[in-house]
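Inside the fold
Okay, here's what each chain looks like letter by letter:
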Amino acid sequence: MVLYSLLAAAKVNLYLEIVGDRGDGFHELIMVMQSISLADRVTVRSIGVDTIRLICHHPLVPADETNLAYRAAALLVRRFPEVMTHRGGVEITLEKHIPVGAGLAGGSSNAAAVLVGLDLLWNLGLTQGELQELGAELGSDVPFAITGGTMFATGRGEQLDPLPGLHPLWMVLAKYGTEMVSTPWAYRTYRAEFGHLYQTEFATRRSQVKAGPMLAAISHHQGSAIGHHLYNDLEKVVLPAHGKTAELKATMASLGGRGTLMSGSGPTVFTLVSTQTEAESLIQRIRAALPDPDLGLWMAQCVPSGVQLVDD
Ligand code: C5P
């Protein structure tokens with residue numbers, strides 16, 4: 001039996017600016033994306049029958065062909081039509097630790113791990129670039145989720161430029177279990193409210209951000225300056241519509257750390273801290289300030305990779 005086990009890292013956006021409309025249904029973005037140690041475990045295993053089987057016991061994750069992990073496998077089968085005849089089918093198991101519908105790219109990371117795992121299991125010999133191109137067909141965050149680390153991401157989010165790594169910066173993440181945000185809703189609402197401000201000179205804005213204070217802070221690994229320049233345009237539509245998350249962000253920001261931001265389309269909020277000890281003590285203070293059993297809290301470290309093969 002051949003089996004590969006992979007860790008699929010979640011991400012946070014340290015910076016997310018919506019620049020304009022691309023005219024292809026997507027927005028032109030400027031982002032800094034960061035992989036974190038909060039990760040799902042994805043296993044791909046050869047099976048005799050010529051089929052894709054998906055196992056996931058999380059109540060909010062569909063274990064069927066609508067799941068992005070299943071669609072990643074189906075995409076490879078379409079691209080290599082003979083592969084299951086020669087190499088057998090696959091059983092994919094998702095062990096979820098990344099909160100769902102959270103703005104942490106959990107679904108994208110699972111799809112990324114399936115692409116990397118099946119490339120090995122089916123001996124496809126795909127390059128990192130080819131894997132990223134396939135990933136872009138599945139979702140804007142999938143190319144990043146494959147490579148991970150610290151990236152300046154532009155275009156739809158699939159144009160990636162590596163930045164100096166930020167490990168071992170720590171963070172505390174928080175999300176109410178019952179709060180969920182639909183990414184298409186967040187972008188649609190943003191377009192309705194702020195579309196009149198959209199820019200068309202994408203390259204000019206990209207150069208400005210590249211030469212700006214956030215990237216300088218990252219280059220010099222200055223944690224407090226990074227915290228000071230955290231930015232996310234989607235907060236402007238998500239926080240007003242999600243009062244509990246807005247209150248969570250305000251509480252976390254008041255309790256210390258180097259800066260607090262909502263990740264992606266939310267509703268996860270994170271605070272950067274310097275050490276694991278600081279993360280542990282911040283979690284205790286958040287729990288004391290907001291003693292709600294619906295509030296999930298995690299600590300994580302910045303990590304240098306997206307999908308990582310692990311020994312079982
Ligand atoms: O690419 P992905 O499937 O993750 O995108 C989900 C939705 O988020 C898209 O359908 C689109 O509405 C919005 N989006 C966008 N611009 C991007 C990325 C996502 O408008 N660059």
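All figures in this text were calculated on a predicted structure; none of them were measured in a lab.

1. Regarding the overall build of the chain
Counting its secondary structure elements, the chain contains twelve helices and twelve strands. Relative to its length of 312 residues, the chain is compact, with a C-alpha radius of gyration of 19 Å against a globular reference of 20 Å. Considered along the principal axes of its C-alpha atoms, the chain spans approximately 55 × 45 × 35 Å. In the chain, which comprises 312 residues, the proportion classed as buried is 56%.

2. Regarding the domain arrangement of the chain
Per the domain assignment, the segments of the chain are domain 1 (3–163) and domain 2 (170–301). A separation of 23 Å is found between the C-alpha centroids of domain 1 and domain 2. Counting residues at the interface gives 34 residues for domain 1 and 37 residues for domain 2. Between domain 1 and domain 2, a total of about 3100 Å² is buried, with carbon and sulfur atoms accounting for 66% of that surface. Put simply, domain 1 and domain 2 have four salt bridges between them. Of the charged contacts in the structure, one is a salt bridge between glutamate 28 and arginine 206, with a shortest N-O distance of 2.9 Å. At the level of secondary structure, the elements contributing two or more residues to the side of domain 1 that touches domain 2 comprise strand 1 (3–21), strand 2 (27–47) and strand 5 (150–155). Here the side of domain 1 that touches domain 2 gets eleven residues from one element, more than from any other, and that element is strand 1.

3. Structural notes on the packing of aromatic side chains
This model, assessed by the stated rule, comprises three aromatic pairs. Seen from their ring centres, tyrosine 15 and tyrosine 231 are 5.6 Å apart, and the 40 degrees between their planes marks the pair as tilted. Taken together, the residues span a long stretch of sequence, with tyrosine 15 in strand 1 and tyrosine 231 in strand 8 (residues 231–232) at a distance of 216 residues. Exposure remark for tyrosine 15: the relative accessible area of 10% places this residue in the buried category. Look at tyrosine 231 and you get partly exposed, because its relative accessible area is 32%. With a centroid separation of 4.8 Å and an interplanar angle of 35 degrees, the aromatic rings of tyrosine 190 and phenylalanine 194 are classed as tilted. Residue tyrosine 190 and its partner phenylalanine 194 are located together in helix 6 (residues 183–194), separated by four residues, close to a single helical turn. Per residue, the accessibility class of tyrosine 190 equals that of phenylalanine 194, and both read buried. An aromatic cluster of at least three residues, connected via ring pairs, comprises Tyr190, Phe194 and Tyr198. In this arrangement the basic side chain of lysine 236 is found over the ring face of phenylalanine 194, its NZ or CZ atom lying 5.0 Å from the centre.

4. Some words on the pairing of strand 3 (residues 52–56)
Here strand 3 shows one buried face, formed by Ile52, Leu54 and Cys56, and one open face, formed by Arg53 and Ile55. Judged from the five bridges that link them, strand 3 and strand 4 (residues 89–95) form a sheet pairing that is parallel. Looking across to strand 4, one finds that cysteine 56 is bridged to leucine 94.

5. Brief notes about the site of the ligand
Looking at the ligand, the residues that line it are Gly25, Phe26, His27, Leu29, Gly139, Ser140, Arg156, Thr183, Pro184 and Tyr187. A distance of 2.7 Å is found between a nitrogen atom of the ligand and a backbone nitrogen or oxygen belonging to histidine 27. Elements that contribute at least two residues to the shell around the ligand include exactly strand 2 and helix 6. A total of three residues in the shell around the ligand trace back to one element, the largest contributor, which is helix 6. Partitioning the shell around the ligand into residue classes produces four nonpolar, five polar and one charged. Domain assignment of the residues forming the shell around the ligand places at least three in each of domain 1 (3–163) and domain 2 (170–301).

Basis of the calculations
Residues numbered from 1 in each chain as written. Predicted model: local features only at pLDDT ≥ 70, side-chain atom pairs only at ≥ 80, totals over all residues. Heavy atoms only, no water. Helix = DSSP H or I, 4+ residues; strand = E, 2+ residues; numbered from the N terminus. Rg over C-alpha atoms; globule rule 2.2 N^0.38 Å. Buried < 20%, exposed > 50% of the residue type's maximum accessible area, 1.4 Å probe, protein only. Domains from an automatic or database assignment. Contact = heavy atoms within 4.5 Å. Buried area = accessible area lost by both parts, 1.4 Å probe. Salt bridge = Lys/Arg side-chain N within 4 Å of Asp/Glu carboxyl O. Phe/Tyr/Trp six-rings, centres within 6.5 Å; stacked < 30°, edge-to-face > 60°. Lys NZ or Arg CZ within 6 Å of the ring centre and 35° of its normal. Pairing = 2+ DSSP bridges. Near = heavy atom within 4 Å. Polar contact = N/O pair within 3.5 Å; in protein donor to acceptor, adjacent residues only side chain to side chain. Nonpolar A, V, L, I, M, F, W, Y, C, P; charged D, E, K, R; others polar.

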